[in-house]
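Given next are the chains, with one letter for each unit.
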Amino acid sequence: MSHTEADLVQLLHTGPFHLALRTALAVRGLPLQRVQHHLAHRGVKVGVTSLSYWQQGARRPQRPESLKAVRALEEVLQLPGNSLLRLLAEDAAAREGVERPAARSFRSLVEASGAVEELFAELESPADGGLHTVGHHERVRIGPGRELVGRESQHVVRAHRDGVDRYLAIHHGDPGCDPARVRVRAVENCRTGRVRGDAETGVVVAELLFDARLRAGDTHLFSYGFEDGTAGPSGEYLRGFSFAGGQYVLQVAFDETALPVRCRRFAQASAGAPRGGRTELTLGGRHRTVHLVEQGVRPGILGIDWDWE
């Protein structure tokens, strides 16, 4: 696509920074190697790779030496003084406007919080991975032996900081779960990274890697699953939410040879707190499923439990 001087003037006014830089390079007809040479002549050292990342929007110049390079770029590209630096500042202000929702700790949401925190530390990841949920549709499968066979998730997240490129998914198996035999499936828009488990609690933490780094405000849709079937009879499935907001849909499907006599939706303020918000759920006929839908999730726990007898 060809760019004109008018395009450049417009982008220098509206931004964002990376598009303005890319357009300036195109309009001036300067390859990155030539730009690097001009910068070096001005005593500014910057790699061609960094310049490429800046014009793609994959990274933003932030360090003092990088900002010095941006000022020199304005000279090399014959742009008005501070035009690119102003766009950088405006981009940063816009990203800071993407608020990080108030978060709840693992300790308040997961009974095996100690194991989860240790596994996160082993994977060198903070509890807040820089993402919060916009929408989550989860399907749980219960097998003929009343065991949790597996679960699948379609997940939409939004980044509340720059540079996020992974999500840590937590699977908490039922008593007797063998984490070494649990399998992780990366289905769509992600790939499996490191997987760690805790045999004592049956917790598995899986690293799901994205193909690109998200910037604050970006959304990402991905799908993944856990294949379990290693534990004894299951009587419930629940999920803890650190952040408020977003929609959550939970569907539990039962094998035709093992149907519960009663199913209920429930909510909890925290792990160990009394369960409230109980609603009887009717098991669907041919598909043998029950589900819940929560439009505006609050920090806490949502789930479905069932009785076999």
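Whatever comes next refers back to the structure up there.
Per-chain numbering applies: the sequence of each chain, read as written, is numbered from 1 onward. Where local features are concerned, this predicted model is filtered to residues with pLDDT of at least 70; where side-chain atom pairs are given and counted, the filter is 80 or more; whole-chain, interface and lining totals use all residues. Side-chain figures throughout are based on the complete set of non-hydrogen atoms in the structure, without hydrogens or water.

**Student:** How do you make sense of the packing of helix H1 (residues 5-14) against helix H2 (residues 17-28) when you look at a structure like this?
**Tutor:** Geometry of a packed helix pair, given as the angle between the helix axes and the separation of the axes. Viewed as axis vectors pointing N to C, H1 and H2 meet at an angle of 155 degrees, and their least axial separation amounts to 9 Å. The orientation of H1 relative to H2 falls into the category roughly antiparallel. Taken as a pair, H1 and H2 cross one another with a handedness that is left-handed. Residues Glu5, Asp7, Leu8, Leu11 and Leu12 of H1 lie in contact with H2, whose contacting residues are Leu19, Ala20, Thr23, Ala24, Val27 and Arg28. Helix axes are fitted to C-alpha atoms over the stretch in contact, other axes to C-alpha atoms as well, and angles between N-to-C directions run from 0 to 180 degrees. Secondary structure counts use DSSP, requiring at least four H or I residues in a row for a helix and at least two E residues in a row for a strand, with both numbered from the N terminus. Convention used here: angles under 35 degrees read as roughly parallel, angles over 145 as roughly antiparallel, angles from 65 to 115 as roughly perpendicular, and any remaining angle as oblique. Put simply, a crossing is left-handed when the front helix is turned counterclockwise from the back one by less than a right angle, and right-handed when it is turned clockwise. Here a residue-residue contact requires only that any non-hydrogen atoms of the pair lie within 4.5 Å.

**Student:** Sorry, what's going on with unusual backbone geometry here?
**Tutor:** A negative phi angle is the norm for most residues apart from glycine, just as the trans form is the norm for most peptide bonds. A positive phi angle is found at Gln78, which is not glycine, with a value near 55 degrees. Examined against the element boundaries, Gln78 turns out to sit in the loop between helix H5 (64-76) and helix H6 (83-96). Phi is positive for Arg146, which is not a glycine, with a value near 65 degrees. Turning to its location among the elements, Arg146 is positioned in the loop between strand S1 (131-142) and strand S2 (148-159).

**Student:** Hey, could you run me through the layout of surface pockets in this one?
**Tutor:** It is a probe the size of a water molecule, rolled over the atoms, that shows where empty space is left. Using a grid of 1 Å spacing that covers the protein atoms alone, one calls a set of points a cavity when a 1.4 Å probe fits there but cannot get out, and a pocket when the set is open and has protein on both sides within 12 Å along at least five of seven lines; lining residues are those with an atom within 4 Å of a point. Grid points are joined across faces, edges and corners, and a volume is the space filled by probe spheres set on the points. Roughly 510 Å³ of internal volume is contained in the second largest pocket. Considering the residues around the second largest pocket, the lining is formed by 21 residues, among which Trp54, Ala58, Arg59, Arg60 and Pro61 are closest to the centre. Contributing elements (two or more residues each) for the lining of the second largest pocket: helix H4 (48-56), H5 and strand S6 (203-214). Following the grouping adopted for this structure description, the nonpolar residues are Ala, Val, Leu, Ile, Met, Phe, Trp, Tyr, Cys and Pro, the charged ones are Asp, Glu, Lys and Arg, and the polar ones are all others, Gly among them. By residue class, the composition of the lining of the second largest pocket is 7 nonpolar, 6 polar and 8 charged.

**Student:** Looking at this structure, I do not really get H5. What am I missing?
**Tutor:** What sets the pattern is the α-helix's 3.6 residues per turn: residues three or four places apart point alike. How far a helix is expected to stretch is found by multiplying one less than its residue total by 1.5 Å. The terminal C-alpha atoms of H5, which comprises 13 residues, lie 19 Å apart, in line with the 18 Å expected from a rise of 1.5 Å per residue. After H5 finishes, the residue Gln78 shows a positive phi value of roughly 55 degrees.

**Student:** Just to check I follow, could you spell out the packing of aromatic side chains for this structure?
**Tutor:** The relative placement of two aromatic rings is captured by the distance of their centres and the angle of their planes. For Phe, Tyr and Trp, rings pair up if their centres lie within 6.5 Å, where Trp contributes its six-membered ring, and each pair is then called stacked (planes under 30 degrees apart), edge-to-face (over 60) or tilted (otherwise). What the rule picks out here adds up to 8 aromatic pairs. Centroid distance Phe210 to Phe222: 5.1 Å. Interplanar angle 55 degrees. Geometry classified as tilted. Highlighted residues: Phe210 in strand S6 and Phe222 in strand S7 (residues 219-227), separated in sequence by 12 residues. You'll find Phe210 and Phe222 in the same group, each marked buried. Ring centres of Phe222 and Tyr224 lie 5.7 Å apart, and the angle between their planes is 20 degrees; this geometry places the pair in the stacked category. The residues Phe222 and Tyr224 share a single accessibility class, namely buried. Under the scheme applied here, a residue whose accessible area is under 20% of the maximum for its type counts as buried, over 50% as exposed, and between as partly exposed, the area being computed with a 1.4 Å probe on protein chains only.

**Student:** What should I look at first to understand the environment of Pro31 in this one?
**Tutor:** Relative to the assigned elements, Pro31 resides in the loop between H2 and helix H3 (32-41). On a C-alpha basis, the gap between Pro31 and Val48 in space is 9.6 Å, while along the polypeptide they are 17 residues apart.

**Student:** Help me understand the sheet that holds S6, please; the structure alone is not making it clear to me.
**Tutor:** Strand pairing requires that DSSP identify at least two bridges connecting the strands. Read from one edge to the other, the open sheet built from 3 strands follows the order S3-S6-S5, with strand pairing classed as antiparallel. In the strand order of this sheet, the two ends are held by strand S3 (164-172) and strand S5 (191-198), each with one partner. Taking each pair of neighbouring strands and ignoring which way they run, the sheet shows an average axis angle of 20 degrees. Relative to S6, S5 is paired through 6 bridges, and the arrangement is antiparallel. Bridge pairing in S6 places Arg196 opposite Val205.

Limitation: the analysis is restricted to geometry and does not speak to function.
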